[in-house]
Amino acid sequence: MSKLGKLAAALALATVMGAPAFAQSGMVVGFSQVGSESGWRAAETAVTRQEAEKRGIDLKFADAQQKQENQIKAIRSFVAQGVDAILLAPVVATGWDDVLEEAKEAEIPVVLLDRNIETTDDSLYLTAVTSDQVHEGKVAGDYLVGQVGSKPCNVVELQGTTGSSPAIARKKGFEEAIAGHDNIKLTRSQTGDFTRTKGKEVMESFIKAENGGKDICAVYAHNDDMAVGAIQAIKEAGLKPGSDVMVVSIDAVPDIFAAMAAGEANATVELTPNMAGPAFDALEAYKKDGTEPKKWIQTESKLYTQADDPKAVMESKKGLGY
């Protein structure tokens, strides 16, 4: 067979067997993303793609549309393709052991992004790059405690997706912050599924149940998109968000800074969308010489209020995919 014929045969075999595990430009990494339920999630996806391109990483992207079964299928597909590594932003905390065991058997390291999982075997993943989500909730709660003082305050809560690690942790942190402050009561709590539409819908039901919203002192939302939906519901009820009803949330997406600039939101706790940078650093070191990263790589949780020039912060976040 001629050299040209051998090359053609090799290419044909590569097509049948799938792409090689290590592309010429760098690693091949599969990314199973929760979906695009929020501005923050869109920014995380955009920044991950930017980081991959900058480093010469071939990123295989799979949008799970907020369904765990889609993520499990994507991970199995990545394993079948023989990728170098997998990034997983898990939609819920439980139910991952079997599929991650398959990745481990294939010697494909898995890095968790922005959310953790519940497992008795932490060798199933290399590291988790997340914020301290309990701390995020506590920062939000501490802010509210400081603003309310000794005044009576009934708080309604818009939770994230039921069973997700951010929903569990952000609720826990907030409750820890208000514990011992008997004047602050969490009167209603329901999932808004991290979406603007559902956040508005649930807030409307809270307002109807709480004397047209007049008995609500503050709304605490597990993410900014639900908070923006709640702001719309508050305005439609004839109340002023930010003054009649305080609005405190988490993520720090541009739209919440626009709301703060308008006096319609009070505070947000930043969750950086750049989880991929530390994740790729860890993977590159591990692939190079087997360096094991810390099991948890923590990102910063910064509080922003109306005093922090929200317009300027909003401008600084342009181009990040929100």
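Shown above is the structure to which this text applies.
The text that follows walks through the structure, step by step, so that each part is easy to find. Bear in mind the structure is a predicted one, so any value in this text is a computation, not a measurement.

### Concerning the pairing of strand S12 (residues 296–299)
Because side chains alternate across S12, one face comprises the buried residues Ile-297 and Thr-299, and the other comprises Trp-296 and Gln-298, none of which is buried. In this structure, strand S6 (residues 127–131) lies alongside S12, joined through four bridges in parallel fashion. Each residue of the ladder has a partner; that of Val-129, found in S12, is Ile-297.

### Remarks on the packing of helix H3 (residues 68–81) against helix H4 (residues 97–105)
In contact at an axis separation of 10 Å, H3 and H4 are set at 10° when each is read in the N-to-C sense. Relative to H4, the element H3 lies roughly parallel. For the pair formed by H3 and H4, the contact residues are Ile-72, Ile-75, Arg-76 and Val-79 on the first element and Val-99, Leu-100, Glu-102 and Ala-103 on the second. Split by residue class, the contact of H3 with H4 holds six nonpolar, no polar and two charged.

### Topic: the sheet that holds strand S10 (residues 246–251)
Taken in spatial order, the six strands line up as S8-S7-S9-S10-S11-S13 in an open sheet, and their pairing is mixed. Single-partner strands in this sheet number two, and they are strand S8 (184–191) and strand S13 (303–305). Strand-to-strand twist of the sheet, defined as the mean angle between neighbouring strand axes without regard to direction, takes the value 20°. Pairing geometry for S10 and strand S11 (residues 267–270), over four bridges, is parallel. Bridged to Ile-250 within S11 is Val-269. The sheet contacts of helix H8 (residues 224–236) involve strand S7 (153–159), strand S9 (218–221), S10 and S11, and relative to S10 the element is tilted by about 160°.

### Thoughts on the pairing of strand S2 (residues 26–33)
For a regular strand, the rule is simple: side chains alternate between the two faces of the sheet. Most of S2 is tucked away, with eight of its eight residues classed as buried. Note that S2 and strand S3 (residues 58–63) share six bridges and pair parallel. Within S3, the position partnered with Ser-32 by the bridge is Ala-62. For the handedness criterion, the β-α-β arrangement of S2, helix H2 (residues 39–55) and S3 is classed as right-handed. One ladder, built from four bridges, connects S2 with strand S4 (residues 85–88); its direction is parallel. In the sheet register, Ser-32 faces S4, and the bridge partner there is Leu-88.

### Things to note about the environment of Asn-183
With respect to the helices, strands and loops of the structure, Asn-183 is situated in the loop between helix H6 (165–178) and S8. Spatially, the C-alpha atom of Asn-183 lies 6.0 Å from that of Cys-153, the residues being 30 residues apart in sequence. Ignoring any residue separated from it by four or fewer positions in sequence, one finds Asn-183 in contact with Val-148, Gly-149, Ser-150, Lys-151, Pro-152 and Cys-153. Of the polar contacts made by the side chain of Asn-183, one reaches the backbone oxygen of Gly-149; its length is 2.9 Å.

### Focus on the packing of helix H7 (residues 196–209) against H8
Where H7 meets H8, the closest approach of the two axes is 7 Å, and the angle between their N-to-C directions is 45°. Taken together, H7 and H8 sit at an angle that is classed as oblique. Between H7 and H8 lies a crossing of right-handed hand. Where H7 approaches H8, its residues Arg-196, Gly-199, Lys-200, Met-203, Glu-204 and Ile-207 are matched on the opposing element by Asp-225, Met-226, Val-228, Gly-229, Ala-230, Gln-232, Ala-233, Ile-234 and Glu-236. Along the lines of polarity and charge, the residues of the contact of H7 with H8 split into seven nonpolar, three polar and five charged.

### Digging into the packing of aromatic side chains
Using the criterion set out here, one finds three aromatic pairs in the structure. Consider the rings of Phe-31 and Phe-61, whose centres lie 5.6 Å apart with planes at 65°: the pair is edge-to-face. Highlighted residues: Phe-31 in strand S2 and Phe-61 in strand S3, separated in sequence by 30 residues. Overall, the relative accessible area of 0% leaves Phe-31 in the buried class. The exposure class assigned to Phe-61 is partly exposed, which follows from its relative accessible area of 30%. Ring centres of Phe-174 and Tyr-220 lie 4.0 Å apart, and the angle between their planes is 10°; on these two criteria the pair is classed as stacked. With Phe-174 in helix H6 and Tyr-220 in strand S9, this residue pair connects regions lying 46 residues apart in the sequence.

### A short note on the side chain of Gln-133
Within the secondary structure layout, Gln-133 lies in helix H5 (residues 133–148). What makes Gln-133 buried here is its relative accessible area of 8%. Non-local contacts of Gln-133, meaning those with residues more than four positions away in its chain, are made with Asp-114, Arg-115, Ser-165, Pro-166, Ala-169 and Arg-170.

### Focus on the state of the cysteines
By the definition in use, this model includes one disulfide. Here Cys-153 pairs with Cys-217 through a disulfide, and the sulfurs are 2.1 Å apart. Judged by the torsion about the S-S bond (-90°), the Cys-153/Cys-217 disulfide is left-handed. With Cys-153 in strand S7 and Cys-217 in the loop between H7 and S9, this pair connects stretches of sequence that are 64 residues apart.

### Remarks on the nonpolar core
Counting 28 residues, the largest nonpolar core has Leu-158, Met-203, Val-219 and Ile-234 as the members making the most contacts within it. Elements with a contribution of two residues or more to this core: S7, H7, S9, H8 and helix H9 (254–261). Residue contributions to this core peak at seven residues, all from H8. Those residues within four positions of Met-203 in sequence are excluded, and the remaining contacts are Val-156, Leu-158, Ile-216, Val-219, Ala-230, Ala-233 and Ile-234. Val-34, Ala-85, Leu-113 and Val-129 belong to the second largest nonpolar core, which has 26 residues in total.

Calculation criteria
- Residue positions are given per chain, counting from 1 as you read along its sequence in written order.
- For this predicted model, a pLDDT threshold of at least 70 governs which residues receive local features, and a threshold of 80 or more governs which side-chain atom pairs are given and counted, while totals over whole chains, interfaces and linings are taken from all residues.
- Note: side-chain values were computed over all heavy atoms of the structure, leaving out hydrogens and water.
- Three labels apply to residues, based on accessible area from a 1.4 Å probe with only protein chains included: buried if under 20% of the type maximum, exposed if over 50%, partly exposed otherwise in between.
- Strands here are runs of E lasting at least two residues and helices are runs of H or I lasting at least four, both read from the DSSP assignment and numbered beginning at the N terminus.
- A pair of strands is treated as paired once DSSP finds two or more bridges between them.
- To get an axis, fit a line to the C-alpha atoms, keeping to the stretch in contact for a helix; angles then go from 0 to 180 degrees between the N-to-C directions.
- If an angle is under 35 degrees, it is roughly parallel; if it is over 145, roughly antiparallel; if it lies from 65 to 115, roughly perpendicular; otherwise it is oblique.
- Any pair of residues with heavy atoms lying within 4.5 Å of one another is described as a contacting pair.
- Each residue gets one of three labels, nonpolar for Ala, Val, Leu, Ile, Met, Phe, Trp, Tyr, Cys and Pro, charged for Asp, Glu, Lys and Arg, and polar for the others, Gly among them.
- A crossover gets the label right-handed when its path from the first strand over the helix to the second runs clockwise, viewed with the strands pointing away from the viewer.
- For this analysis, a polar contact is any N or O atom pair within 3.5 Å, provided that within protein one partner can donate a hydrogen and the other can accept it, and provided that sequence-adjacent residues contribute only side-chain to side-chain pairs.
- For a crossing to be left-handed, the near helix must be turned anticlockwise from the far one by less than a right angle; the clockwise case is right-handed.
- Ring pairs shown here join Phe, Tyr and Trp side chains whose ring centres sit within 6.5 Å, with only the six-membered ring taken for Trp; geometry is labelled stacked below 30 degrees between planes, edge-to-face above 60, and tilted in between.
- Criterion for a disulfide: a pair of cysteine sulfur atoms within 2.5 Å.
- Within this scheme, the nonpolar core is defined by two criteria: the residues are buried Ala, Val, Leu, Ile, Met, Phe, Trp, Tyr or Cys, and they are joined through side-chain atoms within 4.5 Å.

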